[in-house]
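Descriptive analysis of the structure
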Amino acid sequence: MKVTVVIPAYNEEATIAKVVADVAQHASSIIVVNDGSSDRTVEQLAGLPVQLINHETNLGKAASLLKGIRAAMAQGADAVITLDGDGQHPPAHIPELIAAALEHPRCIIVAARLKGREAAPPMRRFANGFADFWISWAAGQRMVDTQSGFRFYPAELFERVHPGHERRHGFVMESEVLIDASHAGFRSMQIPIETIYPEHRRASHYRPLQDTAAIVRMVAGKLVRRGFYPVGLLKSLMGKSAVIEWPTKPTSGLETRSADE
């Protein structure tokens, strides 16, 4: 299985070099999409094993993710792992994402920040929980941490699902793809990881009120078009979340399978 890691980056000079170096321990194919950064993000990548894609201006996270995913698919990737460049997502969990995906084909695997959630700012916890409810309803399955951008996507998903990527979609795209994937026959599952907010990270680009409202508007539109999808609401409330608990850390053999085979 050929897996490419895609990292959208906007003003990540403080963390991007370490993130890429850590990812390189588990993956041989890395794409960084520089989304019009005005700081030294690009300079920090000098000498690191990455393919760099540059946006001249800031186009938003959705556009960056989809540009990187399409580039990976064009280069023959069977799957894509996405993670943020601010250090929230520990790359050491990449083998677990791959192991879960191998056991559960045709699934999106989300690295859900379930351990130590008290470390997250209260407003973020509320916004994430609110989004979880709406997205689970629209997808017809119970999900947790739907706002985590640390994910494994099978490449074939993006041959069936085409989420919006205009700037206004920003953080909406990652929520939209979970819903559309569910209706296209791709289930979402989660593996638990730590909640990390690095001390020296830049301020979050996610705006709890505005971006959560945008996600709710997107979800509400989908629910209206499906007649409010009462079956989906029941499934999301009565069903169990698909959290995969690993009894032990995956072996190094799984790390090898994350590169080209």
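None of the values given here were measured: they were computed from a predicted structure.

Helix-helix packing is characterised by the crossing angle of the two axes and by the distance between the axes. Contact geometry of helix α5 (residues 122-139) with helix α9 (residues 230-238) gives a least axis separation of 7 Å together with a crossing angle of 125 degrees. Relative to α9, the element α5 is oriented oblique. Along this stretch, α5 crosses α9, giving a crossing that reads as right-handed. Facing α5, whose interface residues are Phe133, Ser136 and Trp137, α9 presents Gly232, Leu233, Ser236 and Leu237.

Our focus in this paragraph is the pairing of strand β5 (residues 107-115). Buried residues dominate β5, accounting for 7 of its 9 residues. In this structure, β5 lies alongside strand β7 (residues 187-194), joined through 8 bridges in parallel fashion. Note that in β7 the partner of Ile108 across the bridge is Ser188. Sheet topology places β5 next to strand β6 (residues 151-154); 2 bridges connect them, and they run antiparallel. From the neighbouring strand, Ile109 faces β6, where its bridge partner is Phe152.

A few words on the environment of Ser148. By the secondary structure assignment, Ser148 is in the loop between α5 and β6. For the pair Ser148 and Gln88, spaced 60 residues apart in the sequence, the C-alpha separation amounts to 9.5 Å. Residues in contact with Ser148, not counting those within four places in the same chain, are His89, Val110, Ala111 and Arg113. Reaching out from Ser148, the side chain makes a polar contact with the backbone oxygen of Ala111 at a distance of 2.7 Å.

Burial of helix α4 (residues 94-103) is extensive: 8 of the 10 residues sit out of reach of the surface. Listing the buried residues of α4 in full gives Ile94, Pro95, Glu96, Leu97, Ile98, Ala99, Ala100 and Ala101.

On the surface, Met123, Phe126, Phe130 and Leu209 cluster together into a nonpolar patch covering about 440 Å² of accessible area. Here Phe130 lies in helix α5. Of the residues examined, Phe130 reaches a relative accessible area of 35% and is grouped as partly exposed.

It is worth spelling out helix α1 (residues 16-23) at this point. Residues of α1 that are buried include every one of Ile16, Val19, Val20, Asp22 and Val23, and no others. The buried side chains of α1 occupy one side of the element, clustering within an arc of 165 degrees when seen end-on. In the core, the buried residues of α1 are packed alongside β1 (3-9), β2 (30-35), α2 (41-44) and α4.

Our next topic: the environment of Arg142. Topologically, Arg142 is positioned in the loop between α5 and β6. Placed 101 residues apart in sequence, Arg142 and Val243 show a C-alpha to C-alpha distance of 10.0 Å. When sequence neighbours within four positions are dropped, the list of residues in contact with Arg142 reads Ser136, Lys235, Ser236, Gly239, Lys240, Ser241 and Ala242.

How each quantity is defined
- Residues numbered from 1 in each chain as written.
- Predicted model: local features only at pLDDT ≥ 70, side-chain atom pairs only at ≥ 80, totals over all residues.
- Heavy atoms only, no water.
- Axes fitted to C-alpha atoms, helices over the stretch in contact; angles between N-to-C directions.
- Helix = DSSP H or I, 4+ residues; strand = E, 2+ residues; numbered from the N terminus.
- Parallel < 35°, antiparallel > 145°, perpendicular 65-115°, else oblique.
- Left-handed = near helix turned anticlockwise from the far one by under 90°.
- Contact = heavy atoms within 4.5 Å.
- Buried < 20%, exposed > 50% of the residue type's maximum accessible area, 1.4 Å probe, protein only.
- Pairing = 2+ DSSP bridges.
- Polar contact = N/O pair within 3.5 Å; in protein donor to acceptor, adjacent residues only side chain to side chain.
- Patch = residues over 30% accessible without salt bridge, like charges linked within 9 Å, V, L, I, M, F, W, Y side chains within 5 Å.
- Areas by Shrake-Rupley, 256 points an atom, 1.4 Å probe, with all protein chains shown as cover.
- Salt bridge = Lys/Arg side-chain N within 4 Å of Asp/Glu carboxyl O.
- Arc of directions from axis to C-beta.

This is a description of form; function is not addressed.
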